[in-house]
Structures are given as C-alpha cells and as structure tokens.
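# Chain and residue survey
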Amino acid sequence: MAPAITTLAADAPELSAANTGFMLICSALVMLMTPALAFFYGGMVRVKSTLNMLMMSFISLGIVTILWVLYGFSIAFGTDIGSVVGWSSEYVGLSGIGITELWDGYTIPVYVFAVFQLMFAIITPALISGALADRVKFTAWALFTALWVTVVYFPVAHWVWGAGGWLFEMGVIDFAGGTAVHINAGAAALGVILVIGKRVGFKKDPMRPHSLPLVMLGAGLLWFGWFGFNAGSWLGNDDGVGAVMFVNTQVATAAAMLAWLFYEKVRHGAFTTLGAASGAVAGLVAITPAGGSCSPLGAIAIGAIAGLLCAMAVGLKYKFGYDDSLDVVGVHLVGGVVGSLLVGFFATGGVQSDAKGLLYGGGVDQLVKQAIGVFSVLAYSLIASAILAFLIDKTMGMRVSEDDEVSGIDQVEHAETAYDFSGAGGGASSRSTSAAPAPAAQQTKKVDA
C-alpha cells in the first residue's frame, strides 16, 4: 500500500481527475472480489451448504461498510495514538471531510481513499469464512465479523499502513495486504477452528466440491478483481509503479497455477480444475505484499514457490487434525507468509522503494523487518480471534447442532436451498398415463430426498 499519510509539501498536489477515476474503478474491482469469493467458496462446499457459504461472504458487505463509516476508517487511518491505533473525529461517520479534500500527499479525494480501503476491510473477514464451512450459526458469524474487524482488522490496518503505525514506521513492506489481509485472515481462521472444532464426518465422509464450474468462475473473477486490489494500492498512476504491480500480479498468478498443477500431477497423477483455481489464488495472495518491490522475474519465482508450498500445505490439516474446510490456512496464511518473507529476498530497490532484498545485495535487514511484521500480525490475529470465538461460543454458541449440520445448514439458517429440482423431472409428461403410481413408501422416499 502506498504510504498512508505524508507531510504536504509547499507545492501541494491538486486533484487529478485521471487518478481519481482510476481509483474509483479499482475500488469497484475490489468490491467485486467479495461476491467472487462467495462463488469460489460456494462451489467448494457440499450442496447443502452452498447458500450459507455465499451469505457468509455477502453479509460482510453490509456489516463492515456501516462500521467502517461509523468508526473503522478513523481507527485505521486517523491520527496515530501510540503506534497502535488511529483516531480522527472528522473521520467518524465520514462527516468532517470536504468533497474535494485530498488524501495528504496524493491527488485523490479522502472519500476515494476511504472507499478503496473499505473494500479491503470487507473482503478480509469474508476470507475467514471458508475455514468454517458447514457448521457455524449465521447470527454468530455476523457478530464475530463485527467484533473481529473492530478488534483485529482496523488496528492491524493502522499498524501496517497508517502513518505512525509501528510496522509502517519500521519499514515493513506490504504493498497491498499480505500481512493486513491474508496473514490476518488466515491466522484468524486457524484461531476460530481450533475453538469450534471439526465438522461432523471430517476425514470420514466425502466432502467434495459440489460445483467446480462455480469455483472456476469465482477464481476467474477474483483474478480479474485482484488487478484493482494490487495495482490500485499505489493510489495513483503517475510513476509506473502501479503498472509494474499489474504485470507482476499476472505473472505470479500464472506461475503459481502452473506450479500447483505440476505438484498435483507428480503427487496425485492428475491436473485438477480445483488445483488450477487454488494455485491461481495462492499466486495472487503471495504477490500481494511483494509485487511492488520485485521484478517480473522475481514475481515468477515468488508465484512458483507459493504455488508449490501452498499445494503442500493444504494437506497439513489431515496430518495435524484441524478442520480448515476450504483451505484458508493452507492458501491465505501460508501464501501470505511466503509472499511477505520473500520480499526480503527479491526486493530490487528500484520499484516502490530503495529497500533491497538478500538477492540484490541488501543484506538481512529487510528480511528481519518482514519476519517481524509476519509473525506479529499472525500471533495477534490468532490469539484475538480465538478469544472472540471462545466468548461467542460460550454465550450464544458458535455452532449449529449436529443434527442441523448433517441435515444441511442452508435449510436451518436460511430456509432455502441453492437449487430447485422440482421442475427438472424431464419426461414426466411423456410417460404413459396408464402407468401405475409408485408405492407409497417409494413416494415418501422421493419427497424426503
């Protein structure tokens, strides 16, 4: 992310219509990523959980938007307090901001910066939901989302991107969210699933994706929206840094997808569509913190490394026994860690800053900074998220009952099903009218099914 706030020079910048329009388009692209994530996750679950998975992402658009306007933007990007949080009264309710007031040091209005950052805040808790598929009460999830963004996301965003935030001032490089978004969400997912436990039938019953075309659609839309997520994070388009980030996003994603498929072929003997989609997302995650500091060749290396390591990591849940339903830990946590740490190796010193990694003669300084950023965010999010989940579980309960989980969370929580097959009998009218009706027992079975 571009520096959050800088001191205005004597020749303060003027509003740029081009940069403002560019950033509004990028904001819309990032907004699209949350419904895209809903498609991606929705196709990966069993049919009886499809709507619940869609809604766990979609509800974030409502809850986080309101909280961001009321106080989230102020906590994340207000005047620094102790290098931990921010606060500016004029940002509360976005009520004290002039319509042409510029974000300090940039050529876009404060409103544009606020709405762009809002879209990041929306998708981050939605990422967590994939680890909790099939078993969480919707009301509990909604409450968790509200509490989590308040206690975890808003402060961490200030640490990483806010002027005065301790990681920002240390010089940790996170161009577009490796720590604040992906490690943050992945660690939170791990913290919550350790509290709420496994799905009924984990490691026993088949839990295959019900719609791989839906998964591929979601992955494609995520890839598309990610260009706004990454290239837009420089907050303008004047010096070519955003263009480098755009190229690196494409390059790393392609490399990660190919690396994941290579691993699958060697390990399991097949190239799967789920592997292609998951590999692409792993590459997108890994390049997010690093793409503004590396070259395209570095982006290929980062993507390939992330694709291989994330493909290996998704199997860890079976080894260690934690039920990460849709591999949020394996892809987002591991991918975020890989991409953030590899900045310390592949930063060229010639793109977003002069910081250089080990492979470019920079020594270990930047790698140490990256490691501090990675593990501080990971530890805080893991612990805080586990505590929030524990408190909700002990008060209102986080999980649906075992019977409701087995029968299907869509009907229980939303009184709907994803697909209506009642009109898809096909050929009923062509049957002989003299055909004998099915026995009552068979009719009952059909209705129950």
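Residues numbered from 1 in each chain as written. Predicted model: local features only at pLDDT ≥ 70, side-chain atom pairs only at ≥ 80, totals over all residues. Heavy atoms only, no water.

## A look at the packing of helix H4 (residues 138-161) against helix H6 (residues 178-196)
Running from N to C, H4 and H6 point in directions that differ by 140°, and their axes come no closer than 10 Å. In this structure, H4 crosses over H6, and the sense of that crossing is right-handed. Along its contact with H4, which presents Phe144, Trp148, Val152, Tyr153, Val156, Val160 and Trp161, the element H6 presents Thr179, Ala180, Val181, Asn184, Ala188 and Val192. For the contact of H4 with H6, the per-class residue count stands at eleven nonpolar, two polar and no charged. (Axes fitted to C-alpha atoms, helices over the stretch in contact; angles between N-to-C directions. Helix = DSSP H or I, 4+ residues; strand = E, 2+ residues; numbered from the N terminus. Left-handed = near helix turned anticlockwise from the far one by under 90°. Contact = heavy atoms within 4.5 Å. Nonpolar A, V, L, I, M, F, W, Y, C, P; charged D, E, K, R; others polar.)

## Details of empty space enclosed by the protein
As enumerated under the stated definition, the model contains one cavity of 30 Å³ or more in all. Of the volumes computed, that of the largest cavity is approximately 60 Å³. Where the lining of the largest cavity is concerned, the elements lending two or more residues are helix H1 (17-44), helix H9 (273-290) and helix H12 (328-346). Considering every element that reaches the lining of the largest cavity, the biggest residue donor is H1, with three residues. (1 Å grid on protein atoms, 1.4 Å probe; cavity = no way out; pocket = protein on both sides within 12 Å on 5 of 7 lines; lining within 4 Å. Points joined across faces, edges and corners; volume = space filled by probe spheres on them.)

## Re the confidence of the model for the chain
Of the residues in the chain, 91% reach a pLDDT of 70 or more, and the chain-wide mean stands at 92. Low confidence marks residues 3-10, where pLDDT is under 50. Its contacts with residues over four positions away, or in another chain, come to 18 contacts. Below a pLDDT of 50 lies the segment residues 427-449, which in the model reaches three contacts outside its immediate sequence neighbourhood of four places, other chains included. (pLDDT = per-residue confidence, 0-100.)

## Some details on the side chain of Ser293
Tracing the backbone shows Ser293 in the loop between H9 and helix H10 (296-313). On the accessibility criterion, Ser293 (4% relative accessible area) is buried. Of the polar contacts made by the side chain of Ser293, one reaches the backbone oxygen of Ala290; its length is 2.9 Å. Those residues in contact with Ser293, other than ones at most four positions away along the chain, are Ile173, Val343, Phe346, Ala347, Thr348, Gly349, Val351 and Gln352. (Buried < 20%, exposed > 50% of the residue type's maximum accessible area, 1.4 Å probe, protein only. Polar contact = N/O pair within 3.5 Å; in protein donor to acceptor, adjacent residues only side chain to side chain.)

## Quick word on the packing of H9 against H12
Contact geometry for H9 and H12: axes closest at 7 Å, N-to-C directions at 35°. Between H9 and H12 lies a crossing whose hand is right-handed. Counting all contacts with H9, which are made through Val281, Ala282, Val285, Ala286, Pro289 and Ala290, the residues of H12 involved are Val331, His332, Gly335, Gly336, Gly339, Ser340 and Val343.

## Structural notes on the nonpolar core
Nonpolar side chains in soluble globular proteins generally cluster together in the buried interior. One finds Phe40, Phe73, Leu132 and Tyr153 to be the most contacted residues of the largest nonpolar core, which totals 111 residues. Once residues within four sequence positions are removed from consideration, Tyr153 is found in contact with Gln117, Phe120, Ala121, Thr124, Trp148, Trp161, Ala180, Val181 and Asn184. (Core = buried A, V, L, I, M, F, W, Y, C linked by side-chain atoms within 4.5 Å.)

## Focus: the environment of Ile409
Position of Ile409 relative to the elements: it lies in helix H15 (residues 409-414). Linking Ile409 and Gly321, residues 88 residues apart in sequence, is a C-alpha distance of 23 Å.

## What about H10?
Compared with an ideal rise of 1.5 Å per residue, which puts 18 residues at 26 Å, H10 spans 25 Å between its outermost C-alpha atoms and is within 8% of the ideal. Buried positions along H10 lie against helix H8 (241-268), H9, helix H11 (316-320) and H12. (Expected span 1.5 Å × (residues − 1).)

## Describing the packing of aromatic side chains
Throughout the structure, instances matching the rule amount to 25 aromatic pairs. With centroids separated by 6.3 Å and ring planes inclined at 85°, the aromatic side chains of Phe77 and Trp103 adopt a geometry described as edge-to-face. Placement of the pair is Phe77 in helix H2 (residues 50-77) and Trp103 in the loop between strand E2 (85-86) and helix H3 (110-129), with a sequence separation of 26 residues. In this structure Phe77 comes out as buried when scored by relative accessible area, which is 1%. With a relative accessible area of 2%, Trp103 lands in the buried category. Aromatic rings pair up to connect Trp68, Tyr71, Phe73, Phe77, Tyr91, Trp103, Phe113, Trp148, Tyr153 and Phe154 into one cluster. (Phe/Tyr/Trp six-rings, centres within 6.5 Å; stacked < 30°, edge-to-face > 60°.)

## Concerning the pattern of salt bridges
Summed over the entire model, instances satisfying the criterion amount to six salt bridges. A salt bridge links Asp134 to Arg199; the shortest N-O distance between them is 3.4 Å. Of the two residues, Asp134 sits in the loop between H3 and H4 while Arg199 sits in the loop between H6 and helix H7 (212-231), which places them 65 residues apart along the sequence. Both residues of the pair, Asp134 and Arg199, count as buried. A salt bridge links Asp327 to Lys317; the shortest N-O distance between them is 2.9 Å. (Salt bridge = Lys/Arg side-chain N within 4 Å of Asp/Glu carboxyl O.)

## Some details on the layout of surface pockets
In this structure, the largest pocket spans a volume of roughly 680 Å³. If you trace the largest pocket, you find 30 residues lining it, with Leu274, Val314, Lys317, Tyr318 and Asp327 closest to the centre. Those elements that place two or more of their residues in the lining of the largest pocket are H8, H9, H10 and H11. Grouping the amino acids of the lining of the largest pocket by side-chain chemistry returns 14 nonpolar, six polar and ten charged.

## Quick look at the side chain of Ser49
Structurally, the position occupied by Ser49 is in the loop between H1 and H2. Beyond its immediate chain neighbours, meaning those up to four positions away, Ser49 contacts Asp134, Ile409 and Asp410.

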